[in-house]
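Each chain, written out:
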Amino acid sequence: NGVITNGIIFKTTTGGMSWDSVYSISYFSVSSINFKNAHEGFSVGGGSILKTIDDGQNWTPQYIAPIHCRVIQFATPDTGYFLAYNNSSPETDEIYRTTDGGLNWSLIKSFPATLAEPNKVTFHFINGKVGYMIDNGYTGGMSKLEKTTDGGLTWNNENTSPYCDKSDITSIGDSIYVSEESING
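The paragraphs below set out a description of the structure included in this document. (Residues numbered from 1 in each chain as written. Predicted model: local features only at pLDDT ≥ 70, side-chain atom pairs only at ≥ 80, totals over all residues. Heavy atoms only, no water.)

## Some remarks on the packing of aromatic side chains
For any pair of aromatic rings, the description rests on two quantities: the centre-to-centre distance and the angle between the ring planes. How we decide: Two aromatic rings from Phe, Tyr or Trp, using only the six-membered ring of Trp, form a pair when their centres are within 6.5 Å; if the ring planes differ by under 30 degrees the pair is stacked, by over 60 it is edge-to-face, and anything between is tilted. Numbering of helices and strands runs from the N terminus, with a helix taken as a DSSP run of H or I at least four residues long and a strand as a DSSP run of E at least two residues long. Burial classification: accessible surface area is computed with a 1.4 Å probe over protein chains only, and a residue below 20% of its type maximum counts as buried, one above 50% as exposed, and the rest as partly exposed.
Within the structure shown, the criterion is met by eight aromatic pairs. On the numbers, 6.2 Å between centres and 80° between planes, the contact of phenylalanine 35 with tryptophan 59 is edge-to-face. Of the two residues, phenylalanine 35 is situated in strand E4 (residues 32-35) and tryptophan 59 in the loop between strand E6 (48-52) and strand E7 (60-64); the sequence distance between them amounts to 24 residues. Residue tryptophan 59 is classed as buried on the basis of its relative accessible area, which comes to 5%. Where phenylalanine 125 meets tryptophan 155, the ring centres are 6.0 Å apart and the plane angle is 75°; that geometry is what we call edge-to-face.

## Brief notes about the sheet that holds E7
Cut-off, in case you're wondering: DSSP calls a pair of strands paired once it identifies at least 2 bridges connecting them. Axis definition: a line fitted to C-alpha atoms, limited for helices to the stretch in contact. Angles are taken between N-to-C directions and run from 0 to 180 degrees.
Strand order across the open sheet formed by four strands is E4-E5-E6-E7, with antiparallel pairing between neighbours. The sheet is open, and its two edges are formed by E4 and E7, each paired on a single side. Each strand axis lies, on average, 25° off the axis of its neighbour in the sheet, ignoring direction. Taken together, the four bridges between E6 and E7 define a ladder with antiparallel strand orientation. When the bridges of E7 are listed, isoleucine 49 appears paired with tyrosine 63.

## Focus: the environment of asparagine 58
Test applied: Contacts between residues were defined by any pair of non-hydrogen atoms, one from each residue, lying within 4.5 Å. Contacts described as polar in this section are N or O atom pairs within 3.5 Å, which, within protein, must combine one atom able to donate a hydrogen with one able to accept it, while residues neighboring in sequence count only if both atoms come from side chains.
Looking at the element boundaries, asparagine 58 is found in the loop between E6 and E7. You can call asparagine 58 partly exposed: its relative accessible area is 46%. On a C-alpha basis, the gap between asparagine 58 and serine 24 in space is 9.4 Å, while along the polypeptide they are 34 residues apart. For asparagine 58, the residues in contact, after removing those within four places along its chain, are Tyr23, Lys51 and Thr52. Within the structure, asparagine 58 has its side chain in polar contact with the side chain of aspartate 54 (distance 2.7 Å).

## Points about the pairing of E4
Burial along E4 is one-sided: Ser32 and Asn34 are buried, and none of Ile33 and Phe35, which face the opposite way, are. Relative to strand E5 (residues 41-45), E4 runs antiparallel, the two sharing four bridges. Pairing of phenylalanine 35 across the sheet is with glycine 41, part of E5. Hairpin connection of E4 to E5: five residues between the antiparallel strands.

## Things to note about the sheet that holds strand E11 (residues 106-112)
Overall, antiparallel pairing links the four strands, which are arranged E8-E9-E10-E11 in an open sheet. Strand pairing shows two members of the sheet lacking a second neighbour, strand E8 (68-74) and E11, which therefore form its edges. Looking at each pair of strands side by side, their axes are set apart by 20° on average, direction ignored. For E8 and strand E9 (residues 80-86), the ladder comprises six bridges, and the chain directions are antiparallel. Bridge assignment links glutamine 73 to a residue of E9, and that residue is tyrosine 81.

This is the structure we're talking about:
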């Protein structure tokens, strides 16, 4: 189990009772981390994807792009996805996929950026084909939950709810969990 703070990756082997700093990345602000198994994991932030094969002790660049990588997740040992924000004109949110364990990544979906705010979209895949995405900057002051059944190529609206500032989504078995945070100011 691990956690990230800016460019420092922490690990626990005590169920969260204590945490050890396992890696510090001075040039890289880590925004997401995901392990495929007990030893092999990926982290994203800025325009880079880093990979570890030794429980997070060492990280090497895997993919560098002129985009801001925000969320990474492997649905299977071979199939993984990352979400990125591209601030070129026009600004877009982009989903990339790998089917070879992270060796190669391909852009599979590009859509207009959410109110030009790069942290308003997140996703979670429950297997290599089925995934959910939350767009918290959907037009009309609403948040939108979308679902894919073809590995992220197409997305269908599942639900809308009042706008919220921040969301997360995860799953256990057949259950999908969504959290929403609204900041009133």
